[in-house]
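# Commentary on secondary and tertiary structure
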Amino acid sequence: MCFRYRAQPSMAEKQSAFTELKLSQRFRSGTSLQDAVVVITGASSGLGKECAQVFHSAGARLVLCGRDGSRLEQVIEELVSGPQTQGKQTHTPKKVVFDLADTNAVHKAALDILACYGHVDVLINNAGISYRGNILDTHLSVQRSVMETNYFGPVALTQALLPSMVQRRSGHIVVISSVQGKVAIPYRSAYTASKHATQAYFDCLRAEIDQHRIPVTVISPGYIKTNISINAVTGDGSKHGVLDKTTASGWEPRDVALAVLRAVSLKSKDVVLAGPVPTLAVYLRTLWPALFFKIMSSRARKEQKNTHKNE
Ligand SMILES: NC(=O)c1ccc[n+]([C@@H]2O[C@H](COP(=O)([O-])OP(=O)(O)OC[C@H]3O[C@@H](n4cnc5c(N)ncnc54)[C@H](OP(=O)(O)O)[C@@H]3O)[C@@H](O)[C@H]2O)c1
């Protein structure tokens, strides 16, 4: 009989094995996006379009969603004719056209999405609409319509796709919220309320589906340089139509999209993508609410004065 002696690994060897394991796990989670079925809502512009670009380059099989089929088609053409990423096999994205604010359309869309590849690995709830207005002058119908798109839309789509993820014990739910899902800013009531509701719903979902091994990632960016303020609705439902200074000086959408890719790869739970001031505001709201409310009241007064000056 032959006994083979195996020396106990040293501390350094243990540490290096641990680092290697971590790296290989990260590598595996990175490469797992190759051929992964990734659904992106609001893929026709802004952050959604950039997410389509980075996930396509990572080799994902994309299902792009939006209300305008021809704009989605244009995004697909750009992706297919763009430069190929070395070492990655890319796929021609598919599209599903529907209005997130229409619950019946969302149910039908979920079936169409599942029909593309039979399952979904990552759902990125990105589509959204912003709002600018004074609560006193805002129709209740506007408060409701922003909630339909930003809250009930992602909730309906998530709930329609979730059973197939639970059945496969595999999948990943991502939602693009906002720093305004954590702190409320004056003259943004409909938007910030919809994002607070989003944060709360997906926090509950994370806890409830953890037992099925389905991660939930909530991403809360600060300002991003997109058309969001131009597309925002006002108190009477008309378009704001202005590229706000804050939006124009925001983060590059590509940088945010890369951070989304990283958060998906690492299965992060809650990510704030913002500079020091908004991040401080998030802490202030919890730790020193009285000061936070004072600052917000002063901001509201200043904004009101500026509005009157510009009238
Ligand atoms: N930009 C920012 O400063 C900022 C900051 C924090 C968070 N965010 C969040 O980032 C996400 C993306 O916004 P963005 O900045 O990229 O704005 P965007 O350029 O205006 O893009 C919004 C996307 O949502 C889609 N969409 C809007 N209403 C829809 C509906 N009813 N049904 C289906 N799709 C709809 C639009 O597609 P169609 O019009 O073609 O349907 C468009 O592709 C949003 O959730 C937003 O709240 C943005």
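The preceding data block contains the structure.
The paragraphs below set out a description of the structure included in this document. Just so it is clear, the structure is predicted and the values come from calculations on it, not from any experiment.

### Notes on unusual backbone geometry
Look at D35: it is not a glycine, yet its phi comes out positive at around 75°. Summarising the element assignment, D35 is placed in the loop between α1 (11-31) and β1 (37-40). Located in the positive-phi region is K267, a residue other than glycine, with phi close to 55°. With respect to the helices and strands, the residue K267 is situated in the loop between α9 (253-266) and β7 (270-273).

### Comments concerning the environment of T103
Within the secondary structure layout, T103 lies in helix α4 (residues 103-117). Using a count of 15 C-beta atoms within 10 Å as the deciding quantity, one classes T103 as partly exposed. Sequence separation between T103 and T149 is 46 residues; the distance between their C-alpha atoms is 9.7 Å. Excluding its chain neighbours within four sequence positions, the residues that come into contact with T103 are F152 and A156.

### Let's talk about helix α2 (residues 46-57)
With 12 residues, α2 should cover 16 Å at 1.5 Å per step; its first-to-last C-alpha distance of 17 Å lies within 8% of that length. Counting buried residues in α2 gives 11 out of 12 residues, a clear majority hidden from the surface. Within the sequence span of α2, burial applies to G46, L47, G48, K49, E50, C51, A52, Q53, V54, F55 and H56. Backbone geometry just downstream of α2 places G59 in the positive-phi region, at approximately 90°.

### Thoughts on the site of the ligand
Taken together, 30 residues lie around the ligand, and G42, G46, R67, G128 and T226 are the ones closest in. Listed by contribution, the elements that provide at least two residues to the shell around the ligand are α2 and α7 (228-231). Here the residues of the shell around the ligand sort into 10 nonpolar, 16 polar and 4 charged.

### Concerning the environment of E73
Position of E73 among the secondary structure elements: in helix α3 (residues 69-81). Separated by 22 residues in the primary sequence, E73 and K95 have C-alpha atoms spaced 7.6 Å apart.

Criteria and thresholds
- Residues numbered from 1 in each chain as written.
- Predicted model: local features only at pLDDT ≥ 70, side-chain atom pairs only at ≥ 80, totals over all residues.
- Helix = DSSP H or I, 4+ residues; strand = E, 2+ residues; numbered from the N terminus.
- Buried ≥ 20, exposed ≤ 12 C-beta atoms within 10 Å, placed from the backbone.
- Contact = placed C-beta atoms within 7 Å.
- Expected span 1.5 Å × (residues − 1).
- Near = placed C-beta within 6 Å.
- Nonpolar A, V, L, I, M, F, W, Y, C, P; charged D, E, K, R; others polar.

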